[in-house]
Structure formats: structure tokens, C-alpha cells
Amino acid sequence: MYFGADYHPEHWVHPYAGTAEDSEARWTEDIELMVAAGMNIVRMGEFVWGLCEPREGEFDFAWLKRLMDLMANEDIKVVLATPTAAPPIWLTRKHPEILPTDERGLPLCEGTRHACCLNSDLYWDYSKKIVRAMAEALGKHPQLVAWQIDNNVGMHSTQPSFNAETQRDWHLWLKAKYETIARLNDMMGTRFWGQTVGDWAHVPMPRVAPAPHNPSLVLDWRRFCSDTIVAFVRMQAELLHELSPQAPVTTNMRAFGQQLDLFDVADVLDFASLNSNATVKSKSSENACEVDFLRSIKKENIRTPSVGSGFWVIEQKAGHVNWQDVNSLVRPGVVRMFTYQTISRGANGVLYFFWRQPRIGQEKFYGGVLTHSGRGDNRLYKEISQIGQEIKRLAPALEGTTVSAEACILYTHDNDWTLGLPRQPNKYFSLREHIQLFYTALHDRNLAVDFARPHENLSKYKLVIAPSLSLLTGAEADALKLYVQNGGTLVGTCNTGLVDEHHIAADTGFPHDLTDLFGLEVTEFDPLPPEEENHLAFKGQFVTSHLHTARLWCDVIEPNGCQILSTFNKDFYAGRPAMTINNFGLGKAIYIGTISQQAFYCDLVNWLRNLCGLQTLLKVPDTVEISMRQKQGTKLFFLLNHQNTPVRITFYKPMHDFLTERTFSGNYDLPPHGVLVLDEHQVEKAPVEGEDTVILTQKA
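Bear in mind the structure is a predicted one, so any value in this text is a computation, not a measurement.

Peer 1: Explain the overall build of the chain to me, using residue names and the numbers behind them.
Peer 2: Helices and strands together make up the secondary structure of the chain, namely 17 helices and 27 strands. Its C-alpha radius of gyration of 27 Å places the chain within 12% of the 27 Å reference for a compact globule of 700 residues. Projecting the C-alpha coordinates of the chain onto the three principal axes gives extents of approximately 85 × 85 × 40 Å. Restricting the contact set of the chain to residue pairs at least 6 apart, pairs at least 24 apart contribute 73%. In the chain, which carries 65 positive and 83 negative side-chain charges, the distance between the mean positions of the two groups comes to 3 Å.

Below, the structure written as C-alpha cells:
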């Protein structure tokens, strides 16, 4: 298990630290504090291009090597980041044509990070030179265990960029995809508004225009921009594999937060790494959702510095941020709790951002492990030091363990981009919120969840949920049918199968290519404003805990062989199906023709647990989150209390906690934001007599 921090040694030299006589003296003190906190790794180098190449062709990596040598004295490993996220001022001044151009055709200025166009051949050439020079200078250093490519690649207006070179690549990309202009016109439907083109050079980039651009064109533009970034990452990955083959490559990514296909990015990496904003989120299920999504984007061919597979959280917030309207302090215990949430869901490396609050620059009031003083007597340093000592005890048990899920939620970036285009049926609909409704219901029942694209092998999952796959390809529809045909249970929803991959609406009924799977056809759909709602009436087999509403979207469904589980209560489609189930081959396809409130999805998951035979991990109070990592012969249960008050649990049998090396039996009050890491190994200690309330018990 790797445990450490994101370190920026360039901040901690004279005059900001050290002395005039020994500018780098602070580095040794930082290393001592890292060791005392139980850290064994740092990430560094991501913004140092201007320091490592202060003038064109003059490279200086000696200072980084000196630091890595100091790290070696205490056996602290290093993740080196390629510095291409921050081009030096001399480069942008010499070649202003590499600066990105916005959608109005105006160039963006130099003097900050991401001041580049990733379609620029010149920028690629200079990037290759600095990456090659860094890898040749430091790529064989014994402390190097991994490379990080760039930083938040594609953020801050570099995706998209509307430069002349971007237009050139855009037209080449379209030509490779469509081959002929006639096919492009047909597949994009350019005859709408009479926007047919007769030459590749005439296809516009979606700059600011009097009216919305063709959605098929904008969707392809999003794909092209994503492919541009993937190509940039691939270029660096191939170069690093050639020059420093012993060190796997990764890059830092934000789940649901970047306009690029993270599955495609993960394909060119050795392992995936998450930027986690957990400490600034309000709901544990939202954070867990992002962690599970990031874990899921790379399921095969994983190579990490850790033993086994998994992923890393390469930016775990150590404290508050500086980009919210109000940047409140993180409360005691919260960093520790969310650290264990990421570990419980498969992370084999956790690095905190920042190591120390910088005294300079745009992020000087961003939270860090250390405050500006750098003394190591502050609250967060003590809390993270506690985690570091606990990780040392826990690491041997974690080695080789993985997370296994029986439920899966489907997601594609193409579909997400489609639902973000202008002129949607309901502007108040949010795919992210729709996904979260399902995820929270599964999370709150402590059911492990993977994410996947529809064309992946879904056979290992007992339950697959497909929220609002509005854009659905024919191949994806076939994959879903195959999954159900072979015995799987699929839950589909409204806003599914409205367009194909070219953004052409179906003329065979909605959801296109799936009407036989669900045994129904959606003949119309009724978007509702937020202040209006319908209501649902349920049949006998679906037990409800509340009266459930229908909001935002109501499908008018014509059943064709399906069984009706619920109907709408009012409007002209009162009595028409709202929720159905259909036998298809060996499996079942459930369709939910509306969006409801969270309570409905909790009832739905309770019903699906019995229908699919899903096993919850342990029986605990509703406020306790449970995750499990396992390997043959070992199961580790992580119990997290996300509340500000204690939660009483009662152990049915003695359970061993790795963090305290204690054995619990009978009643135990899990403190506010408290954590337990338990195994089910029986120990020779009798349970407390007289306990008759069983709250913690393993499900059969």
C-alpha cells in the first residue's frame, strides 16, 4: 500500500523556505515529517517545465535528482509527473500560435497552466522533447515507481480549442470516419436547415453561431476533442514505456468531471488514478459513486507499482479547497473517514493534495497536510499521521485483495455528451442525478457496484441498471439483449434509445432496437416541469414504503407482452403502464418509464435484491457504510460512520479490527466519522453474555 502526498519542492526553496546559504534545506525537514507521518511515496514535477528547461534546449534536472536521492535515504518512492500541463513563458512567447483559441476565435493568453492547443504540432514536438529529456535524466532512478502524464489533461479551455491546426485535424478525423462527403451529409443529417457541405474543408467547427449547431456535428466534435487528448496521452505513454519501461504510467482524472472519454484514456494507461474531492462533498454516496466509477474504467491489463491490480487516488484532498464560494474547514475525522472509503473501494495508493499550503501563487489558501508554517503540529498533520500508522498495520492484509460487485450501472460518455446538448426534452433532467438515484439506493443497502459500457462483458453481474441511455447504438442494444437472454436482469428507464450513434431518431419505436426486449413501445413521452408531478400506483408484487411520485419525465407506454408493475395515476395516460417487467430468454427486463424520488429507488433495490438474489455484506444500521475487499480465504469489511454522532452496533460474533488490533464483541459505539476494518476470522474470545440485540451479523 502506497501512502503519501503531492509534493511541490519548487515551492520550498529560498526565499520561501531554506536559507540563502542552503536554499534546499527545507526538503530534508519535509522528508523527516513525511517519514514521521508514515508516508512512503510522493508525487512531484507536474508544473516544473519552466524550471527544468528555463531556456530552449537547456535542461536542468539535477535539482530533482538531488531531491530523489534524499528520498532514497528514507526509502520514499516517487511518482514523477511530466510537466506538459504548464508550458513555460518563453515557449508561448516564441510560438504564440500554440495558445488555444476560444469558440469566438479569440486567442487565450499565456502565463498560466494549460495555455496550449493539443492539436499543435509544435506543442507536441516541444512536449516530446521535455518528456524525453526528463525520462533520460530520471527514468532509471531507483526511487521512481510510476509516471503521471500531464495534469488534469484537457481542463481549462484546452478542450476544445478552435485553432487552425485543430480545424485541420478535425477535417482529417471526419474524413477517416465517414470516408465520403455524401456519407457525412447522410449520417449528420446536414440537409436540415440546408447545411449540406460539398468539401471536407467546409465542415464547420461548432464556434459561436446565431442558432444551435447540428447536434450530430457537435457530438462528433466532442468525440474528436476526446480523441485528441487520448492521442496526446498515448504519445507520452509510448515514449515513457520506451525510455523508462520499469515504471507504469497513469494520469489524474476526475470522475464525471472532464469532457473526455475516461474509458478511452484508461486504455492507454497502465493504471487509473482519481482526483478525489471527497472532503468537500456532502453525501457519502456521491463520493463512493465517483470512486467506484474511476475503479471501473480500467478492469483489465492493469499494472501498478502496488502488488496486484486496483487504482490510485493520486489527489485526495487533505483539507478545504479554494474554488468554492465558501471554502469551509474540513471537520476532524473527515479526512480519515474518506481515506478509508477510497481504500475500501479498491484504492492501493492514496496521496494527499497538498503536502503543504503554498506561500505563493494562486492556491496559497488551499488546504494541505501542513499549514503555511510547516511545523507539523497542526490538526490535519496529526490526523494523517494516525492514518499512516494504521496503514502500516493494515497493508499486509490488503495485499492482493480486490472489490467484487454483483450489480453494475451502465454509462457512456457519448450518451452523457448527447444529453448535454442544447434543446433537450427537459432541461431540468440530469443524467448524473439520475445515475445517483440508483447508485445511492444500492450504496445505502451496502451493495457493491461497478460501472461499465454496454458493450462490455456483463455476464458476471446479477443486475445491470441502464439509466437513460438516450444515445444507444445497435451493437449496444444487441449486447443488452444477449445479457438478458443468458439470464441477466436488466433495468432500463425513460429517455432510452431515442437516437442512434449518429444522433438520428428511430422510426421503429422507442426505445429503438429494444422494444422486443422490454415487451413494450413508448409512443410518446411527457416532460414535466419541476413544480409538477404525477403519481404511481403499484401492483401486488412490488411492495412500497411510501406513496411515490413521477416527475420530470413520463413515458406513454403501449404494452406488448410485458407484465405491468405500476401505472400512472393522472392525466390522459392515467392507468397506463409506468413500470413493467418482461421475460426475455432466461432473464428479465424491467422498464421504468419515469423518474421518481429517492425513496422509490430504495424500494426498487429492496425488491431487486430478492428478485436477483443480491447479497448484502453485513446487517448494520442504515447510517453505517460497508465495503468489502477480498481474496481467497480473506474478507475485509470496512465500516464507516458518516454521521456527526456515534452509532451503536452489536457484534454477533467476535470480530478483529486491524486499525486498533482490538477484538470486538457485544455492543460498540462507532464514534462520529469513525472507521473499523474487520475480518471474520474467529478469535478465541467469547462474546459478552446477555447481549440479545444483533445488529452486525454476516448475511448467508
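There is more to say, and it comes next.
Peer 1: Quick one: what's the story with the sheet that holds strand β1 (residues 2–6), residue by residue and with numbers?
Peer 2: Taking strand neighbours across the sheet as the criterion, the nine strands line up as β5-β4-β3-β2-β1-β9-β8-β7-β6 in an open arrangement whose pairing is parallel. Two strands in the sheet have a free side with no partner beyond their single neighbour: β5 (249–250) and β6 (252–253). Sheet topology note: the strand β3 (residues 77–81)/strand β4 (residues 144–148) ladder contains four bridges and is parallel. In the sheet register, V78 faces β4, and the bridge partner there is L144. Contacts between helix α3 (residues 62–73) and the sheet are confined to β2 (41–44), β3 and β4, with β2 contributing the most and set at about 170° to the helix.

Peer 1: Residues and numbers for helix α14 (residues 431–444), please.
Peer 2: Between the first and last C-alpha of α14 there are 20 Å, a value that for 14 residues agrees with the 20 Å anticipated at 1.5 Å per step. When you tally the buried positions in α14, you get eleven out of 14 residues, the bulk of the element. Those residues of α14 lying buried are L431, H434, I435, Q436, L437, F438, Y439, T440, A441, L442 and H443. Of the residues flanking the end of α14, it is N446, one or two places downstream, whose phi is positive at about 55°.

Peer 1: Any details on the packing of aromatic side chains? Residues and values, ideally.
Peer 2: Under the criterion given, the structure shown has 41 aromatic pairs. Consider the rings of F256 and Y411, whose centres lie 5.5 Å apart with planes at 80°: the pair is edge-to-face. Of this pair, F256 sits in the loop between β6 and α9 (262–267) while Y411 sits in the loop between β10 (407–410) and α13 (413–419), placing them 155 residues apart in sequence. Look at F542 and W607: their rings are 5.3 Å apart centre to centre, the planes differ by 55°, and that puts the pair in the tilted class. Note that F542 is positioned in the loop between β15 (534–538) and β16 (549–559) and W607 in helix α17 (residues 598–612), a separation of 65 residues in sequence. Of the two residues examined, F542 and W607, each falls in the buried class. Three or more aromatic residues link up through ring pairs in this structure, and these residues are F256, F263, F293, Y411, Y439 and F451. Taking NZ or CZ as reference, K129 lies 4.9 Å from the ring centre of Y126, over its face. Over the ring of W12 we find R356, and its NZ or CZ is 3.8 Å from the ring centre.

Peer 1: Any details on the side chain of E10? Residues and values, ideally.
Peer 2: Looking at the secondary structure, you find E10 in the loop between β1 and α1 (25–36). Within the buried set, E10 has no salt-bridge partner at all; the shortest N-O distance to an opposite charge, 9.9 Å, is to R43.

Peer 1: Run through the packing of helix α5 (residues 121–138) against helix α8 (residues 215–243), naming residues and quoting values.
Peer 2: The interhelical angle for the contact between α5 and α8, taken along N-to-C directions, is 30°, at an axis separation of 10 Å. By the angle between their directions, the pair α5 and α8 is classed as roughly parallel. Two packed elements cross with a definite hand, and for α5 against α8 that hand is right-handed. Contacts from Y123, W124, S127, K128, V131, R132, A135 and E136 in α5 reach A231, F232, M235, Q236, L239, L240, E242 and L243 in α8. Here the residues of the contact of α5 with α8 are counted per class, giving ten nonpolar, two polar and four charged.

Peer 1: Any chance you could break down the sheet that holds strand β23 (residues 634–641) for me, citing the residues and the numbers?
Peer 2: Across the sheet, which stays open at both edges, the five strands sit in the order β22-β23-β26-β24-β25 with antiparallel pairing between neighbours. Lying at the two open borders of the sheet, with one neighbouring strand each, are β22 (624–631) and β25 (662–670). Pairwise comparison of adjacent strand axes, ignoring direction, gives a mean angle of 20° for this sheet. Sheet analysis places β23 next to strand β26 (residues 675–679), joined by five bridges and oriented antiparallel. In the sheet register, L640 faces β26, and the bridge partner there is V675. Most of the contacts of helix α12 (residues 379–398) go to β23, to which it runs at about 140°, and overall it touches β22, β23 and β26.

Peer 1: Tell me what's going on with the pattern of salt bridges, and back it up with residues and numbers.
Peer 2: A complete count under the given rule lists 36 salt bridges for this structure. With its nearest N and O atoms 3.0 Å apart, the salt bridge here joins K65 to D69. Placement of both K65 and D69 in helix α3 is noted, with a separation of four residues, approximately one turn of the helix. Exposure remark for K65: the relative accessible area of 39% places this residue in the partly exposed category.

Peer 1: Pulling in residues and values, what's your account of the confidence of the model for the chain?
Peer 2: Scored by pLDDT, the chain comes out at a mean of 92, with 95% of its residues at no less than 70. Counting interchain partners and residues more than four positions distant, the pLDDT-below-50 stretch residues 682–695 has 21 contacts.

Peer 1: Before we move on, can you summarise the environment of Q485 with the specific residues and values?
Peer 2: Looking at the secondary structure, you find Q485 in helix α15 (residues 474–485). Taking relative accessible area as the criterion, Q485 reaches 37% and is therefore assigned partly exposed. Through-space distance from the C-alpha of Q485 to that of C116 is 49 Å; in sequence the pair is 369 residues apart. For Q485, the residues in contact, after removing those within four places along its chain, are F584, G585, L586 and G587.

Peer 1: I'd like a description of the environment of L528, backed by residues and values.
Peer 2: Tracing the chain through its elements places L528 in the loop between β14 (520–527) and β15. Residues L528 and L552, spaced 24 residues apart in sequence, show a C-alpha to C-alpha distance of 4.4 Å. Those residues in contact with L528 that lie beyond four places of it in its chain are N426, E533, N534, A550, R551, L552, W553, C554 and Y573.

Peer 1: Please give an account of α12 that cites residues and values.
Peer 2: With 20 residues, α12 extends 27 Å between its outermost C-alpha atoms, agreeing within 8% with the 28 Å of an ideal straight helix rising 1.5 Å per residue. Within α12, the axis deviates most sharply at K392, by approximately 40°, and proline P396 lies no more than four positions further along. Directly beyond the C-terminal end of α12, a positive phi value near 85° is found at G400.

Peer 1: Residue-level account of the nonpolar core, with values.
Peer 2: Among soluble globular proteins, nonpolar side chains are generally buried collectively. Core analysis: the largest hydrophobic core is formed by 166 residues, its most contacted members being M39, Y340, Y352, W355 and L604. Top contributing element to this core by residue count: α8, with nine residues. For L604, the contacting residues outside a window of four places in its chain are F438, F542, M579 and I592. Ranked by size, the runner-up nonpolar core spans 19 residues in total, among them I181, L184, L217 and F224.

Peer 1: Any details on unusual backbone geometry? Residues and values, ideally.
Peer 2: The residue after F353, namely F354, is reached through a cis peptide bond having omega -15°. Relative to the helices and strands, F354 resides in the loop between β9 (347–353) and α12. In this structure, L552 takes a positive phi of about 65° despite not being glycine. The topology assignment puts L552 in strand β16. Residues other than glycine seldom take positive phi values, yet E661 does so here, at roughly 60°. By the secondary structure assignment, E661 is in the loop between β24 (647–657) and β25.

Peer 1: Account for the side chain of R26, with residues named and values stated.
Peer 2: Mapped onto the secondary structure, R26 falls in helix α1. The exposure class assigned to R26 is buried, which follows from its relative accessible area of 7%. With near-sequence residues (within four places) excluded, R26 lies in contact with W12, A17, G18, L33, R356, L370 and G374.

Reading guide: rules and limits
- Residue positions are given per chain, counted from 1 along the sequence in the order it is written.
- Note on the predicted model: pLDDT of at least 70 is required for a residue's local features to be given, and 80 or more for side-chain atom pairs to be given and counted; whole-chain, interface and lining totals, by contrast, use all residues.
- The side-chain figures draw on all heavy atoms in the structure; neither hydrogens nor water molecules are used.
- Strands here mean DSSP runs of E at least two residues long; helices mean DSSP runs of H or I at least four residues long; both are numbered from the N terminus.
- We compute the radius of gyration from the C-alpha atoms alone; for a globule the expected value is 2.2 Å times N to the 0.38, where N is the number of residues.
- Contacts were defined at the residue level, with two residues in contact if any of their heavy atoms lie within 4.5 Å.
- In this tally, Lys and Arg are treated as positive and Asp and Glu as negative; His is ignored, and so are the chain termini.
- Each charge is placed at NZ for Lys, CZ for Arg, CG for Asp and CD for Glu.
- When DSSP locates at least two bridges between a pair of strands, those strands are taken to pair.
- The axes used here are C-alpha line fits, helices contributing only the stretch in contact, and every angle between their N-to-C directions lies in the interval 0 to 180 degrees.
- Multiplying 1.5 Å by the helix residue count minus one yields the expected span of that helix.
- Only protein chains enter the accessibility calculation, which uses a 1.4 Å probe. A residue is then buried if its area is under 20% of the maximum for its type, exposed if over 50%, and partly exposed in between.
- To pair, rings of Phe, Tyr and Trp, with the six-membered ring standing in for Trp, must have centres within 6.5 Å; the planes then decide the type, stacked if under 30 degrees apart, edge-to-face if over 60, and tilted in the middle.
- For a lysine, the NZ atom is tested; for an arginine, the CZ atom; a charge sits over a ring if that atom is within 6 Å of the ring centre and within 35 degrees of the ring normal.
- Here, a salt bridge means any Lys or Arg side-chain nitrogen found within 4 Å of an Asp or Glu carboxyl oxygen.
- Each angle is binned into one of four classes, with values under 35 degrees roughly parallel, values over 145 roughly antiparallel, values of 65 to 115 roughly perpendicular, and all other values oblique.
- Should the near helix be turned anticlockwise from the far one by less than a right angle, the crossing is left-handed, and should it be turned clockwise, the crossing is right-handed.
- In this classification, the charged set is Asp, Glu, Lys and Arg, the nonpolar set is Ala, Val, Leu, Ile, Met, Phe, Trp, Tyr, Cys and Pro, and all remaining amino acids, among them Gly, are polar.
- pLDDT: the predictor's confidence for each residue, scored from 0 to 100.
- Bend, in this description, refers to the angle at a residue between axes fitted to the seven residues ending there and the seven starting there.
- For the purposes of this section, nonpolar cores are sets of buried Ala, Val, Leu, Ile, Met, Phe, Trp, Tyr and Cys residues that join through side-chain atoms within 4.5 Å.

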